[in-house]
Amino acid sequence: MNNQKHRHPRKKRDEKTITNRKARKLGRQESTGTESSYLKSLVDSHASVTVTLKNGESFRGHIRYYDLHCFSVGLLSEKKKIFLRKENVSHITEE
């Protein structure tokens, strides 16, 4: 009796799959965790900040909440709270 295992030929990976894997790996390497610790310090200290969006619009207030994709700003000029997506933010300046 023949005890050889039947092996399936290895499928070739297409270039798109390899590129996506490299991009995910690079994304993990570039993430240092400093963003979440900085936002946490702003939430804990209730520091006044100016949030500038990529389109040039800016808001003054304090960071109330944050998660992976967005954060909440309590506006100083009004008693409103807004949610902003991180991808739309150019920078945050602490005052």
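The structure contained in this document is the topic of the report that follows.

What counts, and at which threshold
- Residues numbered from 1 in each chain as written.
- Predicted model: local features only at pLDDT ≥ 70, side-chain atom pairs only at ≥ 80, totals over all residues.
- Heavy atoms only, no water.
- Helix = DSSP H or I, 4+ residues; strand = E, 2+ residues; numbered from the N terminus.
- Buried < 20%, exposed > 50% of the residue type's maximum accessible area, 1.4 Å probe, protein only.
- Contact = heavy atoms within 4.5 Å.
- Core = buried A, V, L, I, M, F, W, Y, C linked by side-chain atoms within 4.5 Å.

All right, on to the overall build of the protein then. Tallying secondary structure elements over the protein gives 2 helices and 5 strands in all. Put simply, the protein runs from its N terminus to its C terminus through helices and strands in the order α-α-β-β-β-β-β. Within the span of the protein, comprising 95 residues, buried residues form 23% of the whole. Nonlocal contacts in the protein, meaning residues at least 24 apart in sequence, comprise 35% of its contacts between residues at least 6 apart.

Turning next to the nonpolar core. Residues Val51, Ile63, Phe71, Val73 and Leu84 are the most contacted members of the largest nonpolar core, which totals 15 residues. Only helix 2 (34-45), strand 1 (49-53), strand 2 (58-66), strand 3 (70-75) and strand 4 (81-85) provide two or more residues apiece to this core. Those residues in contact with Phe71, other than ones at most four positions away along the chain, are Val51, Ile63, Tyr65, Tyr66, Ile82, Phe83, Leu84, Lys86, Val89 and Ile92.

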